[in-house]
Amino acid sequence: MSEDVRLVAWVRGQVQGVGFRWFTRARALELGGVSGFALNLADGRVQVVAEGPKDRCEGLLDWLRSDDTPGRVDGVTEIWDTPRGGYDGFAIR
């Protein structure tokens, strides 16, 4: 079993107005065991916070960096931390 982690990722590119947050939530639910949220930021990026098993959070990060996302991803910056909890499922904010 994989240890639980917290992933915070900032996704740059054409990621607002294309269903990016919805598809991110769908991918997190598909992976299973991942809670958190996806949020549009005022500067055009999308922030993704995900907590759960490390391998599943890594899977979400791999997807964020793939060509399978809606819109166009120019880059992803991430930080890893210990989980803080308090999320009920995976939300779109």
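A quick note: this is a predicted structure, and the numbers were derived from the prediction, not measured.

Turning to the UniProt feature "active site" (unreviewed entry) in the protein chain, a few remarks are in order. The UniProt record marks R21 and N40 with the feature "active site" (unreviewed entry), using the residue numbering of this structure. What stands out for the annotated residues spanning 20 residues is how close their C-alpha atoms remain, the widest pair being 7.8 Å apart. Within the element layout of this structure, R21 appears in helix α1 (residues 20-31). Setting aside residues up to four positions removed in sequence, R21 forms contacts with A38, L39, N40, V46, I92 and R93. Take N40: it is sitting in strand β2 (residues 35-40). Here N40 falls in the partly exposed class, since its relative accessible area comes to 27%. Every residue in contact with N40, bar those within four places of it in the chain, is listed here: V15, Q16, R21, R45, V46 and R93. A distance of 3.5 Å separates the side chain of N40 from the side chain of R21, its partner in a polar contact.

Turning to the UniProt feature "domain: Acylphosphatase-like" (unreviewed entry) in the protein chain, a few remarks are in order. The sites that UniProt annotates as "domain: Acylphosphatase-like" (unreviewed entry) are residues 6-93. Taken as a whole, residues 6-93 contains 26% helix and 41% strand, while its terminal C-alpha atoms sit 18 Å from one another.

A separate point is the nonpolar core. The biggest cluster of nonpolar side chains holds 19 residues, and the ones touching the most others in it are V11, V48, L60, L64 and F90. The set of elements that each furnish at least two residues to this core consists of β1 (4-14), α1, β3 (46-53) and α2 (54-64). Examining the composition of this core, we find that five residues originate from one element, α2, more than from any other. The residues contacting L60, other than those within four sequence positions of it, are T24, R27, A28, L31, V34, V48, A50 and F90. Counting residues in each nonpolar core, the second largest holds five residues, with V8, F37, L41 and V49 among its members.

Thresholds applied
- Residues numbered from 1 in each chain as written.
- Predicted model: local features only at pLDDT ≥ 70, side-chain atom pairs only at ≥ 80, totals over all residues.
- Heavy atoms only, no water.
- UniProt positions renumbered as here; feature names shortened; annotations may be inferred.
- Helix = DSSP H or I, 4+ residues; strand = E, 2+ residues; numbered from the N terminus.
- Contact = heavy atoms within 4.5 Å.
- Buried < 20%, exposed > 50% of the residue type's maximum accessible area, 1.4 Å probe, protein only.
- Polar contact = N/O pair within 3.5 Å; in protein donor to acceptor, adjacent residues only side chain to side chain.
- Core = buried A, V, L, I, M, F, W, Y, C linked by side-chain atoms within 4.5 Å.

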